[in-house]
Amino acid sequence: MNEDIQEIIKRLKKENISFENKTILVTGGAGFLGSWICDVLVEQGAYCICLDNLSSGRPENIRHLMEKDNFRFINHDISYPIYFGFSFHPLGICIADIKKIDIVMHMASRASPFEFKQEPISILRSNTLGTLNTLGIAKFHNAIFFYTSTSEVYGNPPKEAIPTPESYFGHVNPVGPRSCYDESKRAGEAFIKAYELQHKMRAKIVRIFNTSGPRIRHGPEFGRVVPNFIHQALHDEDITVFGDGSQTRSFIYVVDEIEGILKMVHKDEAIGEVINLGNNKEYSILELARVIKDITNSNSKIVFKPLPIDDPLYRCANIEKAKNILNWEPTTSLEEGLKKTIAWFKDNE
Ligand code: UDP
């Protein structure tokens, strides 16, 4: 993992991107993507405030950072107000000694379709109330606001909208099993637009596509496709393809994603923009199952299970905007990313 963190720092350095001496609040900082961000920020010499209620974030993702002087962990649910630089506020808890925040990154949210059934209310809360609360922090501190939205705001687009550009408005069921996530992320984006209009907030929205790599949550209760298939293949269990496996996704390795996110956080050209960060190569789920079975030399059988309701049929990122504004595109192949993720699984499962 450390090699991967150094690789991200190397890529950023090429463009003179550093967050040294910046104070940055990362909500969801103990989660999969959030903890990678914290790692890079701490290594670069930023003062990184990781806020997480550890409902889906994991202490082991940040344990190695706890002793660092430029890392601070705050255990808090961001759907409840928190005030930095106040010694008292009637509406929420206060962190008096942090007087100035330069950048607020709101990344806290569960993202696995399996959790949409179990935790829909907390997902709605973190993307709506949590966005409102973090926008309030950014407004008070005159900070740059960065929001991790998702390709899910596009819902289930028709084939003509693939690869999907940021200008596509979406095809979303407001009352389906995925609506807690899709609609709350859309509402989060609308909150940001409102703060841009009303308070001239300097905000950036990234729409993240399926990302995997070390620290991705795994286990049957989380059930995302990459960790599921890897677990099944490593244990010679049946690989469970939902539907006929012809639905598509575009998979990106975490190093490419974090590089793109931090380029976007840094660049002024991204202020006021919504940018897709994902892969522009589309794979069917059946192809993914076969690739993982091959890489792991597994004896697993591929079996077919019913397709979940509202499961998007196609998903692929149009990344022209990211190429133009951020000078970014993913460089890790599917196989290469999977091999690294599988190696991490072998050490950590
Ligand atoms: N999927 C699958 N088998 C699994 C888990 C997921 O075939 O064990 C499928 C799922 O139906 C979807 C795709 O893989 O079509 C990606 O699912 P994931 O849960 O990773 O997230 P999504 O991209 O749907 O948000």
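These numbers come from a predicted model, not from an experiment. All residue numbers refer to position in the chain's written sequence, counted from 1. Restriction of local features to residues with pLDDT of at least 70 applies here, the model being predicted, together with a cutoff of 80 or more for giving and counting side-chain atom pairs; totals for whole chains, interfaces and linings are based on all residues. Side-chain metrics rest on all non-hydrogen atoms present in the structure, leaving aside hydrogens and water.

Caption draft 1: Main features of the sheet that holds strand β6 (residues 103–106). When DSSP finds two or more bridges between a pair of strands, those strands are recorded as paired. Counting from the N terminus, the helices are the DSSP runs of H or I reaching at least four residues and the strands are the DSSP runs of E reaching at least two. Read from one edge to the other, the open sheet built from 7 strands follows the order β3-β2-β1-β6-β7-β8-β13, with strand pairing classed as parallel. Each edge of the open sheet is held by one strand with a lone partner, namely β3 (71–75) and β13 (274–277). This sheet shows a mean twist of 20 degrees between the axes of neighbouring strands, independent of strand direction. As judged from the 4 bridges shared by β6 and strand β7 (residues 144–150), these two strands associate in the parallel manner. Within β7, the residue paired with I103 across the bridge is I144. Along the sheet, helix α5 (residues 120–141) contacts β1 (23–27), β6 and β7; its crossing angle with β6, the most-contacted strand, is approximately 180 degrees. Note on geometry: axes are lines fitted to C-alpha atoms, helical ones only across the stretch in contact, with angles between N-to-C directions running from 0 to 180 degrees. Contacts are assigned to residue pairs that have any heavy atoms within 4.5 Å of one another.

Caption draft 2: Region of interest: the site of the ligand. Near the ligand lie 18 residues; those nearest to it are T240, F242, R249, D311 and R315. Two N or O atoms count as a polar contact when they lie within 3.5 Å, although within protein this holds only if one can serve as hydrogen donor and the other as acceptor, and sequence-adjacent residues are included solely when both atoms are side-chain atoms. Within the side chain of R178, a nitrogen or oxygen atom sits 2.9 Å from an oxygen atom of the ligand. At 2.8 Å, a side-chain N or O of N228 approaches an oxygen atom of the ligand. We get accessible surface area from the Shrake-Rupley algorithm with a probe of 1.4 Å; when it comes to residues, only the shown protein chains can shield them. Alone, the ligand offers 510 Å² of accessible surface; in the complex the protein occludes 97% of this. Here the ligand occupies the second largest pocket. Among the elements of the structure, α7 (225–234) and β10 (239–242) are those that each provide at least two residues to the shell around the ligand. Under the grouping applied here, Gly and all other residues not named as nonpolar or charged are polar, the nonpolar ones being Ala, Val, Leu, Ile, Met, Phe, Trp, Tyr, Cys and Pro and the charged ones Asp, Glu, Lys and Arg. Across the shell around the ligand, the residue classes break down as 7 nonpolar, 5 polar and 6 charged. Note on terminology: near, applied to a residue and a molecule or strand, indicates that one of the residue's heavy atoms is within 4 Å of it. Points on a 1 Å grid, built from protein atoms alone, make a cavity when a 1.4 Å probe fits but cannot get out and make a pocket when they are open with protein on both sides within 12 Å along at least 5 of 7 lines; residues with an atom within 4 Å of a point are the lining residues. Assignment to a cavity or pocket requires that more than half of a molecule's atoms be within 2 Å of the site's grid points.

Caption draft 3: Spotlight on the side chain of T164. The residue T164 is located in the loop between β7 and α6 (179–199) in this model. With residues near it in sequence (within four places) discarded, T164 still touches Y154, P157, N276, C316, A317 and N318.

Caption draft 4: Main features of the nonpolar core. The biggest cluster of nonpolar side chains holds 70 residues, and the ones touching the most others in it are F19, V26, I37, L41, M105, I258 and L262. Residue contributions to this core peak at 8 residues, all from helix α2 (residues 32–44). Excluding its chain neighbours within four sequence positions, the residues that come into contact with L262 are L12, I17, F19, I37, V40 and L41. Buried Ala, Val, Leu, Ile, Met, Phe, Trp, Tyr and Cys residues form a nonpolar core when they are joined through side-chain atoms within 4.5 Å. Burial status follows relative accessibility: with a 1.4 Å probe on protein chains alone, a residue under 20% of its type maximum counts as buried, one over 50% as exposed, and anything between as partly exposed. Counting residues in hydrophobic clusters, the runner-up holds 24 residues, among them F84, L135, I192 and I205.

Caption draft 5: Seen up close, the environment of I205. Position of I205 among the secondary structure elements: in strand β8 (residues 203–208). When residues no more than four places from it in sequence are discounted, the contact partners of I205 are Y147, S149, E189, I192, M264, E273, V274 and I275.

Caption draft 6: Quick peek at helix α8 (residues 254–266). To estimate how far a helix should extend, the number of its residues minus one is multiplied by 1.5 Å. For α8, built from 13 residues, the straight-helix expectation of 18 Å at 1.5 Å per residue is met to within 8% by its first-to-last C-alpha distance of 18 Å. Of all 13 residues that make up α8, 12 are buried, and the element is covered over most of its length. Residues of α8 that are buried: V254, V255, D256, E257, I258, E259, G260, I261, L262, K263, M264 and V265.

Caption draft 7: Quick peek at the environment of I8. Locating I8 in the fold gives a position in helix α1 (residues 2–14). Looking at I8, the relative accessible area reads 0%, which means it is buried. For the pair I8 and P158, spaced 150 residues apart in sequence, the C-alpha separation works out to 34 Å.

Caption draft 8: Spotlight on unusual backbone geometry. Cis geometry marks the peptide bond from I162 to P163, where omega comes out at -10 degrees. Turning to its location among the elements, P163 is positioned in the loop between β7 and α6. One non-glycine residue with positive phi stands out, namely N142, at about 50 degrees. In this fold, N142 is placed in the loop between α5 and β7. By relative accessible area, which is 56% here, N142 ends up exposed. If you check the backbone angles, K200 has positive phi at about 55 degrees while not being a glycine.

Caption draft 9: Fine view of the pairing of β6. The alternating pattern of β6 places I103 and M105 on one face and V104 and H106 on the opposite face, and all of these are buried. Direction of pairing for β1 relative to β6: parallel, over a ladder of 4 bridges. Within the sheet, the bridge partner assigned to L25 lies in β6 and is V104.

Caption draft 10: Inspection of empty space enclosed by the protein at higher detail. Grid points are joined across faces, edges and corners, and a volume is the space filled by probe spheres set on the points. Counted under the stated rule, the structure contains 2 cavities of 30 Å³ or more. If you trace the largest cavity, you find it lined by S212, V226, F251, I252, Y253, T332, S333, L334, G337, L338 and T341. For the lining of the largest cavity, the secondary structure elements donating two or more residues are β12 (252–253) and α11 (334–348). In terms of residue count, the dominant contributor to the lining of the largest cavity is α11 (4 residues).

Caption draft 11: Representation of the packing of aromatic side chains. In this analysis, rings of Phe, Tyr and Trp, with Trp reduced to its six-membered ring, are considered paired at centre separations within 6.5 Å, and the interplanar angle assigns stacked below 30 degrees, edge-to-face beyond 60, and tilted for intermediate values. For the structure shown, the criterion picks out 6 aromatic pairs. Taking the centre distance of 5.1 Å and the plane angle of 20 degrees together, the rings of F116 and Y181 count as stacked. With F116 in helix α4 (residues 113–118) and Y181 in helix α6, this pair connects stretches of sequence that are 65 residues apart. Across the pair, Y181 and F116 agree in class, each one buried. Ring-pair connections join several aromatic residues into one group, and the members of that group are Y83, F86 and F140. Over the face of the ring belonging to F114 we find K117, whose NZ or CZ atom lies 5.6 Å from the ring centre. Here, a charge over a ring means that NZ of Lys or CZ of Arg falls within 6 Å of the ring centre while also lying within 35 degrees of the ring normal.

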